[in-house]
Amino acid sequence: MPASTPSNSLADHLAEPVLAEALQHSLRSTLFSSGLTVSPRQVNKVGADIASAFLVFFENQDVTAVQADGSRLAHAGLGHRSILTMTETLRQVCREKSNPLFDLPNVAGVYVNALLEGYMAGREELVLQEQQRTVQAYIRASAQREDETG
Amino acid sequence: MTKESIVDASVPSAGRIYDFILGGHHNFEVDRQAAQMILQNFPFVSKMMRLQRWCLQDIARELTQVRGYEAIVDFASGLPTQDHLHFGVPPGITVIYSDYDPVVVQYAQEILGDTPNVHFYEADARRPEELLQRPEVETMLSGKKVALISWGVGAFMTDEELTHVARSLYDWATADMCWVFNAQAADFNPDHPAAGPILQMYQRMGTPVQFRSLDRYLELLEPWKPDAGGFVSLLEWHGLDQSEMSNEERNTFGPTGAGYGGFLIK
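Bear in mind that the values here come from a model prediction, so they are computed numbers and not experimental data.

Q: Just give me the short version of the overall build of chain B, but keep the residues and values in it.
A: The helix and strand inventory of chain B stands at 13 helices and eight strands. Scaling as 2.2 N^0.38, a compact globule of 266 residues should have a C-alpha radius of gyration of about 18 Å, and chain B matches this with 18 Å. Here the C-alpha coordinates of chain B stretch approximately 50 × 40 × 30 Å along the principal axes. For chain B, the proportion of its 266 residues judged to be buried stands at 56%. Counting only contacts in chain B whose residues sit at least 6 apart along the sequence, the fraction spanning at least 24 positions is 72%. For chain B, the accessible surface area stands at approximately 10500 Å², while carbon and sulfur atoms represent 51% of it. Distance between charge centres in chain B, computed from 20 positive and 36 negative side chains, equals 1 Å.

Q: How would you sum up the pairing of strand 5 (residues 178–184) of chain B? Please name residues and give values.
A: Residue and element names in this part refer to chain B. Burial analysis of strand 5 places seven of its seven residues in the buried class, the great majority of the element. Here strand 5 shows no split at all, with Cys178, Val180, Asn182 and Gln184 on one side and Trp179, Phe181 and Ala183 on the other all buried. With respect to chirality, the unit in which strand 4 (residues 146–150) leads through helix 9 (residues 159–172) into the neighbouring parallel strand 5 is right-handed. In the sheet, strand 5 pairs with strand 8 (residues 259–265) via seven bridges, with the strands oriented antiparallel. Pairing of Trp179 across the sheet is with Leu264, part of strand 8.

Q: Please set out helix 4 (residues 63–75) of chain A residue by residue, giving values where relevant.
A: Residues and elements named next belong to chain A. Between its first and last C-alpha atoms helix 4 spans 19 Å; for 13 residues at 1.5 Å apiece the expected length is 18 Å, and the two agree. Val66, Asp69, Gly70, Ser71, Leu73, Ala74 and His75 are the residues of helix 4 that are buried. Structurally, helix 4 contributes buried residues whose contacts are with helix 3 (40–60), helix 5 (80–96) and helix 6 (104–149). The N-terminus of helix 4 is capped by Asp62, whose side-chain oxygen sits 3.2 Å from the backbone nitrogen of Thr64. Where helix 4 ends, the next residue or the one after it, Gly77, has phi of about 95°, a positive value.

Q: Which residues make up the side chain of B:Asp101, and what values do they have?
A: Tracing the backbone through its elements, the reader meets B:Asp101 in the loop between strand 2 (94–99) and helix 6 (102–112). This buried residue, B:Asp101, is left without a salt bridge; B:Arg16 holds the nearest opposite charge, at 5.2 Å.

Q: Report on the packing of aromatic side chains, specifying residues and quantitative values.
A: All names here are of chain B. The final tally for this structure, using the stated rule, is 12 aromatic pairs over all chains. With 5.5 Å between their ring centres and 90° between their planes, Tyr170 and Trp224 make a pair best called edge-to-face. Here Trp224 lies in the loop between helix 11 (214–221) and strand 6 (225–226) and Tyr170 lies in helix 9, a separation of 54 residues in the sequence. Comparing Tyr170 with Trp224 shows no difference in burial state: the two are buried. In textbook terms, an aromatic cluster arises when at least three aromatic residues are bridged by ring pairs, as seen for Tyr170, Trp179, Phe181, Tyr217 and Trp224. The side chain of Arg67 reaches across the aromatic face of Phe263, ending 4.0 Å from its centre.

Q: For the interface of chain A and chain B, give the residues involved together with the corresponding values.
A: In this assembly, 27 residues from chain A lie in contact with 32 residues from chain B. Carbon and sulfur atoms make up 57% of the surface buried where chain A meets chain B, a total of about 2800 Å² over both sides. Here chain A is connected to chain B by two salt bridges. Residues A:Arg41 and B:Asp58 are paired through a salt bridge, measuring 3.3 Å at the closest nitrogen-oxygen approach. Contributions of two or more residues to the side of chain A that touches chain B are made by helix 3 and helix 6 of chain A. Ranked by residues supplied to the side of chain A that touches chain B, first place goes to helix 6 of chain A with 14 residues. Grouping the amino acids of the side of chain A that touches chain B by side-chain chemistry returns 11 nonpolar, 11 polar and five charged.

Q: Outline unusual backbone geometry, listing residues and values.
A: The omega angle of the peptide bond from B:Glu222 to B:Pro223 is 10°, so this bond is cis rather than trans. You can see B:Pro223 is positioned in the loop between helix 11 and strand 6. For A:Gln61, which is not glycine, the phi dihedral falls at a positive 55°. Locating A:Gln61 in the fold gives a position in the loop between helix 3 and helix 4. Phi is positive for B:Asn117, which is not a glycine, with a value near 65°.

Q: Tell me about the environment of A:Glu125, and name the residues and values.
A: Residue and element names in this part refer to chain A. Among the structural elements, Glu125 can be located in helix 6. Residue classification places Glu125 among the partly exposed residues on the basis of a relative accessible area of 44%. The spacing of Glu125 and Gln144 is 19 residues in sequence and 28 Å in space, taken between C-alpha atoms.

Q: Before we move on, can you summarise helix 3 of chain A with the specific residues and values?
A: Residue and element names in this part refer to chain A. When the terminal C-alpha atoms of helix 3 are compared, their 31 Å separation across 21 residues agrees well with the 30 Å that a helix rising 1.5 Å per residue should span. Burial in helix 3 covers these residues: Pro40, Val43, Val46, Gly47, Ile50, Ala51, Ala53, Phe54, Leu55, Phe57 and Phe58. Contacts from the buried residues of helix 3 go to helix 1 (10–13), helix 2 (16–29), helix 4, helix 5 and helix 6. Where helix 3 ends, the next residue or the one after it, Gln61, has phi of about 55°, a positive value.

What counts, and where the lines are drawn
- Starting from 1, residues in each chain are numbered consecutively following that chain's sequence as written.
- Each chain takes a letter, starting from A, and each ligand takes a number, starting from 1, following the order in which they are written.
- Given that this is a predicted model, residues contribute local features only at a pLDDT of at least 70 and side-chain atom pairs are listed and counted only at 80 or more, while totals for whole chains, interfaces and linings are drawn from all residues.
- Side-chain numbers come from the whole structure's heavy atoms, not from hydrogens or water.
- Helix and strand labels come from DSSP, where a helix needs a run of H or I of at least four residues and a strand needs a run of E of at least two; each type is numbered from the N terminus.
- Our radius of gyration looks at C-alpha atoms and nothing else; its globule reference is 2.2 Å times the residue count to the power 0.38.
- Between buried and exposed lies partly exposed: a residue is buried under 20% and exposed over 50% of the maximum accessible area for its type, with that area taken using a 1.4 Å probe on protein chains only.
- Any two residues whose heavy atoms approach within 4.5 Å are treated as being in contact.
- Reported accessibility uses the Shrake-Rupley method at a 1.4 Å probe radius. Residues are deemed covered only where the shown protein chains occlude them.
- When charges are counted, Lys and Arg are positive and Asp and Glu negative, with His and the chain ends excluded.
- For charged residues, the charge sits on one atom: NZ in Lys, CZ in Arg, CG in Asp, CD in Glu.
- Every crossover in which the path from the first strand over the helix to the second runs clockwise, viewed with the strands pointing away from the viewer, is termed right-handed.
- Two strands pair under a simple rule: DSSP has to find at least two bridges between them.
- Expected helix span is given by 1.5 Å per residue-to-residue step, counting one fewer step than there are residues.
- Throughout this description, a polar contact denotes any pair of N or O atoms lying within 3.5 Å of each other; where both atoms belong to protein, one of them has to be capable of donating a hydrogen while the other can accept it, and for residues adjacent in sequence the pair is counted only when both atoms sit in side chains.
- Basic side-chain nitrogens of Lys or Arg form a salt bridge, by our definition, when they fall within 4 Å of a carboxyl oxygen of Asp or Glu.
- Pairs were defined over the aromatic rings of Phe, Tyr and Trp, the Trp ring being its six-membered one, requiring ring centres within 6.5 Å. Orientation was assigned from the angle between planes: stacked under 30 degrees, edge-to-face over 60, tilted for the rest.
- Two limits define a charge over a ring: the Lys NZ or Arg CZ must be within 6 Å of the ring centre, and within 35 degrees of the ring normal.
- When two parts are brought into contact, each loses some accessible area as probed by a 1.4 Å sphere; the total of that loss over both is the buried area.
- Three classes are used, and their members are as follows: Ala, Val, Leu, Ile, Met, Phe, Trp, Tyr, Cys and Pro are nonpolar, Asp, Glu, Lys and Arg are charged, and the others, Gly among them, are polar.

Structure (structure tokens):
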């Protein structure tokens, strides 16, 4: 019987469905802390997308793309507790699956930092955008009301 | 409630309280203080509002992709953010939103910009005929299979207002149309000790809350009848169960959590 050799395929160490399931579970546990748009049916898609994006990042190390994903999650209404819980789950899974061939914890650290950076920037952008819209809406509504009342 | 008071940012508004509890930013300190008072007494309200709001895209998909409706008219829409109806419909479907709050209307029109086939009008959900009789709305809906939606607004209507709405929509609708309705906060226990201050607060804001059972809602909605699917609790709608609620929340809000939703037909 030939001696077994360690697989050099990442998929053998960190299967995308396993990671997706862990992330989906963490998102479901914080369902009610999210904003408007992330419904129970949608959290599974978010978890699957992040699992897939993390594995892509492992190959290409594209920090900018991860930051853009974080921003999109903010705009989609994912709550801060949800993203923190999900990213902690990602780190934990990567720690558990760590091995000499793949430096998963370190890659996860870089990935999570970029995702959170993008998320925070997205939240700030959203608040400022909504602030401006609110001011404009009040100005127009007040002017319209003045016109109507003479 | 006068239009002037809605535009006044120094007094709380039911719409902006709702926005804050759902995590939005179209609200002010006065609204956030009012929201905190509600949440201190009833933390479950934030869950209840999310359960309601999450239904919108499900409804949009069901109406257009399963039941073949070509136009949707939504009353008391609130802000058309990324979770709202027009994100859940295929291209070409007409979506007409409306809201009583002139600031929401202005804000909404800025969000929507030139989004094709999506429109937003100032209109009172308690008098739906006024929106439906606008010439431009009549033109847009002409020849189309239309679905009507009153979601998250039923508890803010008196019995008389709800009866009027049901009758107006019934008289307006053709046999192939439907009305999607949320029996909001049905089963809530109005005798709960913390209910008094909340009811008084909404009363002061000019938007008094009415609590009624699902059966009472259905009486008031006649002659509309629920379709074969009936009205389902919003927990069930989302595939959740009562484990999402504490015993205290079940005692206060009833086993359904946030009321029911269903499709009414002629």
